[in-house]
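For reference, the chains in residue letters:
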Amino acid sequence: MQYIAYMRITTDDVLNVMPPQMGLFGLLFSFMNRLQAAGDAFYEEITCKQFFLLACMNLYQDESPTANEMAETMGCSRQNVKEILNSLAKKGMITLQQDENDKRKQRITVTEKTKSIAKKYTQKETEFMQLLYKGISDEEIRCVFKIISRMEKNLKES
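Residues numbered from 1 in each chain as written. Predicted model: local features only at pLDDT ≥ 70, side-chain atom pairs only at ≥ 80, totals over all residues. Heavy atoms only, no water.

Draft legend 1. The arrangement of a nonpolar patch on the surface in detail. Taken together, the side chains of Leu24, Leu27, Val144, Ile147, Ile148 and Met151 define a hydrophobic patch exposed on the protein surface, amounting to about 460 Å² of accessible area. Counting only elements with at least two residues in the nonpolar patch, the list comes to helix H2 (20-42) and helix H7 (138-157). Counting residues per element, the nonpolar patch draws most heavily on H7, which supplies 4 residues. In this structure, Ile148 sits in helix H7. By relative accessible area, which is 40% here, Ile148 ends up partly exposed. (Patch = residues over 30% accessible without salt bridge, like charges linked within 9 Å, V, L, I, M, F, W, Y side chains within 5 Å. Areas by Shrake-Rupley, 256 points an atom, 1.4 Å probe, with all protein chains shown as cover. Salt bridge = Lys/Arg side-chain N within 4 Å of Asp/Glu carboxyl O. Helix = DSSP H or I, 4+ residues; strand = E, 2+ residues; numbered from the N terminus. Buried < 20%, exposed > 50% of the residue type's maximum accessible area, 1.4 Å probe, protein only.)

Right, here's the structure in full:
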């Protein structure tokens, strides 16, 4: 029987063994998996995806968003958003109310329970963000944001 020796490829090695576009593509997937796992372990009451939806709610200051608006903001399907919303509604963290002007739409509103949980995690979230961005300048963050935004725009144009 012949054994094949496997070498461990680290993130630092990736760009030495594949083109940078492929390396970044893989790194984005790997990073998102790790980030979701960290997020799921972070909160007792909600998942990382539920947290992301609630965080996106903060972008809507003038009017509570609809599921379609949240899907666009989050970059996922309406069906995926509806699943997350139903789970959050069962937990008493959001309410769905019919739009006053268009009865076909439902508006999403966070509850006091959500606001209470947000306060509970404020310090821990701050510490996590400091750890996540340790050693990374605001200029570097803006550069990565600009690159990923461009990649997202390219996907939307395809």
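There is more to say after this.
Draft legend 2. Molecular detail of helix H5 (residues 78-90). Between its terminal C-alpha atoms H5 stretches 18 Å, which fits the 18 Å expected from 13 residues at 1.5 Å a residue. Elements that come into contact with the buried residues of H5 comprise helix H3 (48-57), helix H4 (67-74), strand E1 (94-98) and strand E2 (106-110). Note on H5: the residue one or two positions beyond its end, Gly92, has a positive phi of about 75 degrees. (Expected span 1.5 Å × (residues − 1). Contact = heavy atoms within 4.5 Å.)

Draft legend 3. Local environment of the state of the cysteines. According to the stated counting rule, one finds 0 disulfides in the structure shown. Left unpaired, Cys76 is separated from the closest cysteine sulfur, that of Cys56, by 8.6 Å. (Disulfide = S-S within 2.5 Å.)

Draft legend 4. Region of the structure containing the nonpolar core. Counting 20 residues, the largest nonpolar core has Leu53, Leu54, Met70, Met74, Val81, Leu85 and Leu88 as its most contacted members. Elements with a minimum of two residues in this core: H3, H4, H5 and helix H6 (112-132). Apart from the residues lying within four places of it in its own chain, the contact partners of Leu53 are Met70, Met74, Val81, Ile84, Leu85 and Leu88. (Core = buried A, V, L, I, M, F, W, Y, C linked by side-chain atoms within 4.5 Å.)

Draft legend 5. Structural detail: the pattern of salt bridges. On inspection of all chains with the given rule, the structure shows 8 salt bridges. Across the pair Glu44 and Lys120 runs a salt bridge whose closest N-O atoms are separated by 3.7 Å. Taken together, the positions of Glu44 in the loop between H2 and H3 and Lys120 in helix H6 put the pair 76 residues apart, joining distant regions of the chain. By relative accessible area, Glu44 is classed as exposed at 68%. Sharing partners across several salt bridges, the network here consists of Glu63, Glu69, Asp99 and Arg107.

Draft legend 6. Structural view of the confidence of the model for the protein. Chain-level statistics for the protein give a pLDDT mean of 90 and a share of 96% at 70 or above. Within the protein, H5 carries the highest mean pLDDT (96), whereas helix H1 (residues 11-17) carries the lowest (77). (pLDDT = per-residue confidence, 0-100.)

Draft legend 7. Here's a closer look at the packing of aromatic side chains. Summed over the entire model, instances satisfying the criterion amount to 6 aromatic pairs. Ring plane angle 70 degrees and centroid distance 4.6 Å describe the contact between Phe42 and Tyr43, whose orientation is recorded as edge-to-face. A residue is classified by how much of its surface remains accessible, and Phe42, at 12% relative accessible area, is buried. Classification of Tyr43 by relative accessible area gives buried; the value is 8%. Residues Tyr43 and Tyr121 carry aromatic rings whose centres are separated by 4.8 Å and whose planes lie at 65 degrees to one another, so their mutual orientation is edge-to-face. One end of the pair, Tyr43, is in the loop between H2 and H3; the other, Tyr121, is in helix H6, and 78 residues separate them in sequence. Of note, Lys124 hangs over the ring of Phe42, and the distance from its end group to the ring centre comes to 4.6 Å. (Phe/Tyr/Trp six-rings, centres within 6.5 Å; stacked < 30°, edge-to-face > 60°. Lys NZ or Arg CZ within 6 Å of the ring centre and 35° of its normal.)

Draft legend 8. Region of the structure containing the packing of H4 against H5. H5 packs onto H4 with a crossing angle of 110 degrees between their chain directions and a minimal axis gap of 8 Å. Overall, the two elements H4 and H5 adopt an arrangement that is roughly perpendicular. Facing Ala67, Asn68, Met70, Ala71 and Met74 of H4, the residues of H5 in contact are Arg78, Val81, Lys82, Ile84 and Leu85. Here the contact of H4 with H5 is built from residues that sort into 7 nonpolar, 1 polar and 2 charged. (Axes fitted to C-alpha atoms, helices over the stretch in contact; angles between N-to-C directions. Parallel < 35°, antiparallel > 145°, perpendicular 65-115°, else oblique. Nonpolar A, V, L, I, M, F, W, Y, C, P; charged D, E, K, R; others polar.)

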